[in-house]
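Topology and contacts: notes
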Amino acid sequence: MTKRQKVLVLYLKFPSLEAEVISWATFDGTGQKLHMTGDSDEPPYPTGLDALLDGWRLFQSSQAIPEHPGEEFRTSYLKHEFFFEKIEEGDF
Amino acid sequence: MVQLLSTEQMAEFANSGCLFFDGLIDNETNKEFLNDIGHTEIENVDNMQKYFQNIKASSSIPRIPAGTPLKNAYPHKSPLEKIFQNEVVAGAINSLVGSEAVVDHQFLHLTFPTKYFKKTNQRQMSQVNHQDSTIDPRITFDIQLFYFPTDVTKEMGGTRYHPGTHLRIVNEMGIAKYQNIKGQKKIVCKAGTIGIFHNGLWHGAGVNFSDEIRYMFKVRLQPTEKQELLWDPEKKYKPLPNKALYWTDENQEKTVNDILMKSYPWQEADTNRLDKINTIKFWRMLTGNKNLDIDYWLTRIENELY
């Protein structure tokens, strides 16, 4: 038996886990499923909290960084990023 | 006579970053284009490399140095000249980047079906989300014209795009980690469809699960003049007056401002407001009116008394 990591990245509507998922990515280290860009139009969970309730462990979230003076209205990357993992055991 | 865009179409472009003209180009021109690029029936070619070699050997698409004026770019009576002279295509180009636009580059995108990947034991993956071509903080914008010479079915993995992302300043594949974004669209269209994207629109090619090759011919065009009221040479556009905020009137007809202020499901609660502010700034540029506002977003924060 070996261990493999599955990673779920959720981007939320505001910086709290109760917020709605607006973007998502999944990377499956077990090799059971190949995820790729554009492979699903509906998020795996409605909110970040629902991912926790399904056993995903949060290991990183984005910091609140004050807008740079003079650049307050510049928009760029999605802001509220949360990384989760699940460790799976099996014969991979 | 070219058909300039309407103010509503310009507002749609300012808000979403794209416009589509479904099945615009006639079938005869689509066939001519396919012949010109050296299209080969798929059953006659057994690998991708051979297909590319075929196209390279037989394609009659001209080599166009970057910066060539569009009006001199394509040979007389060629299918590409016909496409660019189509009154709707020419009108949209003139409205967005003017009548003196130059060609930045052109590219024939090919998306191969699963069987080619199986034969060579390659992993068939979609193209990641990206913004062309590098970080670009200009107010001036370029357009990318997408031409689909064949029908594109859902299985063919037509271009994925994210309406409303065009004013976000990111660095090319810096957005690749967003595998899926709420509200994402995938182009499914008839042969002869033309899409026009703002150069900043986030997009990527899908996976082709059909048995046919998918083609998309892209041309990027750059303006050489200011992009103010190009669609409205008589300068008839007048901004709408302020309205009472948070006061809904269900009987009121949809206005240009409603088109401009449309939200998208991928926008964050906080940044959505900045997206609106940036759309208003973009509309100020397009209309040449430096004071117009919508829903008081800019007037409120420009009221600086100290």
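In short, a report on the structure. Note that the structure is predicted; figures quoted are calculated from it, not measured.

This part takes up the sheet that holds strand β3 (residues 102–111) of chain B. Residue and element names in this part refer to chain B. Across the sheet, which stays open at both edges, the 6 strands sit in the order β1-β8-β4-β10-β3-β2 with antiparallel pairing between neighbours. Of all strands in the sheet, those with a lone pairing partner are β1 (18–21) and β2 (68–69), marking the two edges. Strand direction decides the pairing type here: β2 and β3, joined by 2 bridges, are antiparallel. When the bridges of β3 are listed, T68 appears paired with V103. Set on the sheet, helix α1 (residues 7–16) makes contact with β1 and β8 (193–198); between it and β1 the angle comes to about 130 degrees.

By size, the foremost hydrophobic cluster in this structure holds 72 residues, and its most contacted members are L10(A), L96(B), L145(B), I196(B) and L221(B). The greatest single-element share of this core, amounting to 6 residues, is contributed by helix α8 (residues 271–287) of chain B. In this view, I196(B) contacts C18(B), L19(B), A92(B), L96(B), I143(B) and L145(B); residues no more than four positions away in its chain are not counted.

Attention shifts here to the sheet that holds strand β1 (residues 2–12) of chain A. Taken in spatial order, the 5 strands of this open sheet run β3(A)-β4(A)-β1(A)-β2(A)-β6(B), and their pairing is antiparallel. Every interior strand has two partners, whereas the edge strands, β3 (57–61) of chain A together with β6 (180–181) of chain B, have only one. As judged from the 2 bridges shared by strand β2 (residues 21–28) of chain A and β6(B), these two strands associate in the antiparallel manner. Within β6(B), the position partnered with W24(A) by the bridge is N180(B).

Here the focus is the environment of E43(B). Structurally, the position occupied by E43(B) is in the loop between α2 (27–37) and α3 (48–58). Along the primary structure E43(B) and E212(B) are separated by 169 residues, whereas in three dimensions their C-alpha atoms are 9.4 Å apart.

So, about the environment of E250(B). Residues and elements named next belong to chain B. Looking at the element boundaries, E250 is found in the loop between β10 (214–222) and α7 (256–260). On the neighbour-count criterion, E250 (4 C-beta atoms within 10 Å) is exposed. Separated by 51 residues in sequence, E250 and N199 have C-alpha atoms that sit 36 Å apart.

Moving on to the interface of chain B and chain A. Counting residues at the interface gives 32 residues for chain B, matched by 24 residues for chain A. Secondary-structure elements contributing two or more residues to the side of chain B that touches chain A are β6 and α8 of chain B. The element best represented in the side of chain B that touches chain A is α8(B), accounting for 5 residues. Tallied by class, residues from the side of chain B that touches chain A come to 13 nonpolar, 11 polar and 8 charged.

What counts, and at which threshold
Residues numbered from 1 in each chain as written. Chains lettered and ligands numbered in written order. Predicted model: local features only at pLDDT ≥ 70, side-chain atom pairs only at ≥ 80, totals over all residues. Pairing = 2+ DSSP bridges. Helix = DSSP H or I, 4+ residues; strand = E, 2+ residues; numbered from the N terminus. Contact = placed C-beta atoms within 7 Å. Axes fitted to C-alpha atoms, helices over the stretch in contact; angles between N-to-C directions. Core = buried A, V, L, I, M, F, W, Y, C linked by C-beta atoms within 7 Å. Buried ≥ 20, exposed ≤ 12 C-beta atoms within 10 Å, placed from the backbone. Nonpolar A, V, L, I, M, F, W, Y, C, P; charged D, E, K, R; others polar.

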